[in-house]
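Close look at the chain arrangement
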Amino acid sequence: MIASTRRTVLSLYMRVFRIARTWQAQSGVPGDTETERKYILQEARTLFRQNQQLTDQDSIKKCLEECEARLEIGLHYRNPYPRATYLPPLGLATQKGRKLRAQQRLRKQAKPIYLQSHDET
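Conventions we followed
- Residues numbered from 1 in each chain as written.
- Predicted model: local features only at pLDDT ≥ 70, side-chain atom pairs only at ≥ 80, totals over all residues.
- Heavy atoms only, no water.
- UniProt positions renumbered as here; feature names shortened; annotations may be inferred.
- Helix = DSSP H or I, 4+ residues; strand = E, 2+ residues; numbered from the N terminus.
- Buried < 20%, exposed > 50% of the residue type's maximum accessible area, 1.4 Å probe, protein only.
- Contact = heavy atoms within 4.5 Å.
- pLDDT = per-residue confidence, 0-100.
- Core = buried A, V, L, I, M, F, W, Y, C linked by side-chain atoms within 4.5 Å.
- Expected span 1.5 Å × (residues − 1).
- Axes fitted to C-alpha atoms, helices over the stretch in contact; angles between N-to-C directions.
- Parallel < 35°, antiparallel > 145°, perpendicular 65-115°, else oblique.
- Left-handed = near helix turned anticlockwise from the far one by under 90°.
- Nonpolar A, V, L, I, M, F, W, Y, C, P; charged D, E, K, R; others polar.

Per an unreviewed UniProt entry, the recorded name for the protein is LYR motif containing protein 1, and the organism is Xyrichtys novacula. Per its UniProt entry, the protein bears the Sequence similarities (unreviewed entry) comment "Belongs to the complex I LYR family."

Next up, the structure:
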């Protein structure tokens, strides 16, 4: 990892922790605030550890873009949880055949950048 990339990743990691420290739930309930703070910290730790072995600059850049997008969306909507994805038309195909493969391809193409690290549901 290049030194500037490492510095960028670490500053982004620290930014996530600062946001979690000052996070206030939109509902104003202290229990919700604590739950959301724990979620932010747990999600950040999990994703950063999952991607710490990356060496390819393109994949690191994609992960950084995803993190920044999730941060901005979370701050804008005051909701730390991932937003729902758009399901393409005819998104519920039969469980076999050509239609299923086509629908899986469409779902993969429709997946936004801020959800690239999440598994298919």
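Some thoughts on the overall build of the protein
Broken down by element type, the protein carries four helices and zero strands. Mapped in sequence order, the helices and strands of the protein form the string α-α-α-α. In the protein, which comprises 121 residues, the proportion classed as buried is 31%.

With respect to the environment of L12
Mapped onto the fold, L12 is located in helix α1 (residues 3–22). Expressed as a C-alpha distance, the spacing of L12 and C67, which sit 55 residues apart in the sequence, is 8.1 Å. The residues touching L12, leaving out its near neighbours within four places in the chain, are F48, L64, C67, E68 and L71.

A closer look at the confidence of the model for the protein
Summary statistics for the protein give a mean pLDDT of 83 and a share of 78% for residues scoring 70 or more. Here helix α4 (residues 98–110) is the element of the protein with the lowest mean pLDDT, 71, and α1 is the one with the highest, 95.

Considerations on the nonpolar core
The nonpolar side chains of soluble globular proteins are, as a tendency, buried together. Ranked by internal contacts, the top residues of the largest apolar core, which has 13 residues, are V16, C67 and L71. Listed by contribution, the elements that provide at least two residues to this core are α1, α2 (30–50) and α3 (57–77). Looking at this core element by element, the count peaks at five residues for α1. Once residues within four sequence positions are removed from consideration, L71 is found in contact with L12, R15, V16 and I19.

Points about α3
The end-to-end C-alpha distance of α3 is 30 Å, a good match for the 30 Å that 21 residues give at a rise of 1.5 Å each. I60, L64, E66, C67, A69, R70, L71 and G74 are the residues of α3 that are buried. The inward-facing, buried residues of α3 contact α1 and α2. R78, located one to two residues past α3, shows a positive phi value of around 55°.

Concerning the environment of Y77
Secondary-structure assignment places Y77 in helix α3. A residue is classified by how much of its surface remains accessible, and Y77, at 40% relative accessible area, is partly exposed. Between the C-alpha atom of Y77 and that of Q26, which follows or precedes it by 51 residues, the distance is 8.9 Å. Discounting chain neighbours no more than four positions away, the residues touching Y77 are Q26 and R83.

Focus on the packing of α1 against α2
Between two packed helices, both the angle of their axes relative to each other and the distance between the axes serve to describe the pair. Contact pair α1 / α2: the axes reach a minimum separation of 8 Å and the direction vectors enclose 165°. The angle between the axes of α1 and α2 places the two elements in the roughly antiparallel class. Once α1 is placed against α2, the crossing between them reads as left-handed. Packed against α1, whose contacting residues are V9, L12, Y13, V16, F17, A20, R21 and T22, the element α2 presents R37, I40, L41, A44, R45 and F48 at the interface. Broken down by class, the residue content of the contact of α1 with α2 amounts to 10 nonpolar, one polar and three charged.

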